[in-house]
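Structure at a glance
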Amino acid sequence: MNKIYSVCWNITEKCNEFCEFCYRTIVDDLTLEKNKRIADKLIEYGVEKITFAGGEPLLYSGLFDLAKYIKSQNPNILLSITTNGLLINEQIVTLILENFDWITFDLESTSIEYHKQVGRGEKHLPKTLENLNRFNGKINIKINTVATKQNINDIPFIFNLIQVFNVQRWKIFRYYPITYKAQDNKDYFSITDEELEELKQKILQVTVNTQIQIDFNDYKEFKTTYFSIFPNGTLKDNSGKVTCNILNDSVADCIKSIDLSHHIVRKKVFEKFTNKKQK
Ligand code: SF4
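Values in this document were obtained by computation on a predicted structure and should not be read as measured data.

Take the packing of helix α6 (residues 155–162) against helix α9 (residues 193–206) next. The geometry of α6 relative to α9 is characterised by a closest axis approach of 9 Å and an angle of 30° between their N-to-C directions. It follows that α6 is roughly parallel to α9 by the angle criterion. Handedness of the α6/α9 crossing: right-handed. Between α6, through Ile-155, Pro-156 and Phe-159, and α9, the contact on the second element is made entirely by Leu-199, Lys-202, Ile-203 and Val-206. Its residues assigned to classes, the contact of α6 with α9 comprises six nonpolar, no polar and one charged.

Those residues of helix α3 (residues 90–99) that sit buried are Ile-92, Val-93, Ile-96 and Asn-99. With its buried residues spanning 150° around the axis, α3 presents them on a single face. Turned more than 90 degrees away from the buried face of α3 sit Glu-90 and Gln-91, all of them exposed. Residues of α3 that are buried make contact with α2 (63–73), β3 (78–83), β4 (102–106) and α5 (124–135). One side-chain oxygen of the residue at the start of α3 lies 3.1 Å from the amide nitrogen of Gln-91, identifying that residue as Asn-89.

For the rest of this paragraph, the subject is the sheet that holds strand β5 (residues 140–147). Taken in spatial order, the eight strands line up as β7-β6-β5-β4-β3-β2-β1-β8 in an open sheet, and their pairing is parallel. Looking at the sheet topology across the chains shown, the edges are occupied by β7 (213–217) and β8 (228–229). Note: β5 against strand β6 (residues 169–174), six bridges, orientation parallel. For Asn-144, the partnering residue across the bridge sits in β6 and is Lys-171.

With that out of the way, let us pick up the side chain of Thr-12. Within the secondary structure, Thr-12 sits in the loop between β1 (6–10) and α1 (32–45). For Thr-12, a relative accessible area of 0% corresponds to the buried category. Setting aside anything within four residues of it in sequence, one finds Thr-12 in contact with Asp-29, Ala-53, Gly-54, Gly-55, Glu-56, Pro-57, Tyr-60 and Pro-231.

This part takes up the state of the cysteines. Enumeration according to the criterion identifies one disulfide in this entry. A sulfur-sulfur separation of 2.0 Å characterises the disulfide bridge that pairs Cys-244 with Cys-254. Where Cys-244 bonds to Cys-254 through sulfur, the torsion about that S-S bond is close to 115°, and the disulfide is right-handed. With Cys-244 in strand β10 (residues 242–245) and Cys-254 in helix α11 (residues 251–256), this residue pair connects regions lying 10 residues apart in the sequence. For the pair Cys-244 and Cys-254, one class covers both residues: buried.

As a matter of local geometry, the ligand sits amid Cys-15, Glu-17, Phe-18, Cys-19, Cys-22, Arg-24, Gly-55, Asn-84 and Arg-120. Class assignment of the residues belonging to the shell around the ligand gives a composition of four nonpolar, two polar and three charged.

The subject of this paragraph is α6. Among the residues of α6, Ile-155, Pro-156, Ile-158, Phe-159 and Ile-162 are the ones counted as buried. One face of α6 carries all of its buried residues, which in axial projection span an arc of 140°. Next to the buried residues of α6 lie β5, β6 and α9.

Rules and cut-offs
Residues numbered from 1 in each chain as written. Predicted model: local features only at pLDDT ≥ 70, side-chain atom pairs only at ≥ 80, totals over all residues. Heavy atoms only, no water. Axes fitted to C-alpha atoms, helices over the stretch in contact; angles between N-to-C directions. Helix = DSSP H or I, 4+ residues; strand = E, 2+ residues; numbered from the N terminus. Parallel < 35°, antiparallel > 145°, perpendicular 65-115°, else oblique. Left-handed = near helix turned anticlockwise from the far one by under 90°. Contact = heavy atoms within 4.5 Å. Nonpolar A, V, L, I, M, F, W, Y, C, P; charged D, E, K, R; others polar. Buried < 20%, exposed > 50% of the residue type's maximum accessible area, 1.4 Å probe, protein only. Arc of directions from axis to C-beta. Polar contact = N/O pair within 3.5 Å; in protein donor to acceptor, adjacent residues only side chain to side chain. Pairing = 2+ DSSP bridges. Disulfide = S-S within 2.5 Å. Near = heavy atom within 4 Å.

Structure representation (structure tokens):
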């Protein structure tokens, strides 16, 4: 029987970046009250970790109220936010540190030009470095990188940028031509199995003595790793078909139709590298 421990909650599909490898599906956000009802179900089920993603989760106006609500119901749930970081200012830094245990930033290259070329914009790289400085040592930090044909040779050099910060994890995702723009641009971005393997070897060489946990996520495992809730409360099975809406159905019923065979592997990696929240 499927058992989930963590949830990837795409709280909004609104975004202020325009990545050419983006695969979000555009649906409406729910109200804060409805999202609290979803949170109640996740808490009652016994979920241990919730990652707010998107879109850009900081564009959901109820985000911090929802996070506070979840922590008030169960302070032991780990809360994580995956953000492109553009909206972060001093006030948001404080709110994130008050409410979240983990923060994940996207970093695709050491080049401003590459971030511009893929739609993240020229501010993305300097803003990410500024944010790493702001959060350094105050919260668990993770970096996500999407490996494409266009940045594959530069990815090992990202390590030089992040190793000076107190980063706990670095996850490299193989570009996944699943839906939306990601599907349209598959010829431009796709990498082969051999290129992925070569990248892994290069990264393992440059990171040999690091304390940073390095993970690779091949798209072959993508659908069976994450329990993802969409902004309108729906969940999809592994073929992409909507199978339930968590507002109306129980968590246990929602997971029945989804193959989550890689979910538990992720739990072990995550537990090993999770520190207690540092305030
Ligand atoms: S990949 Fe993420 S940051 Fe980029 S456009 Fe899509 S939702 Fe926004």
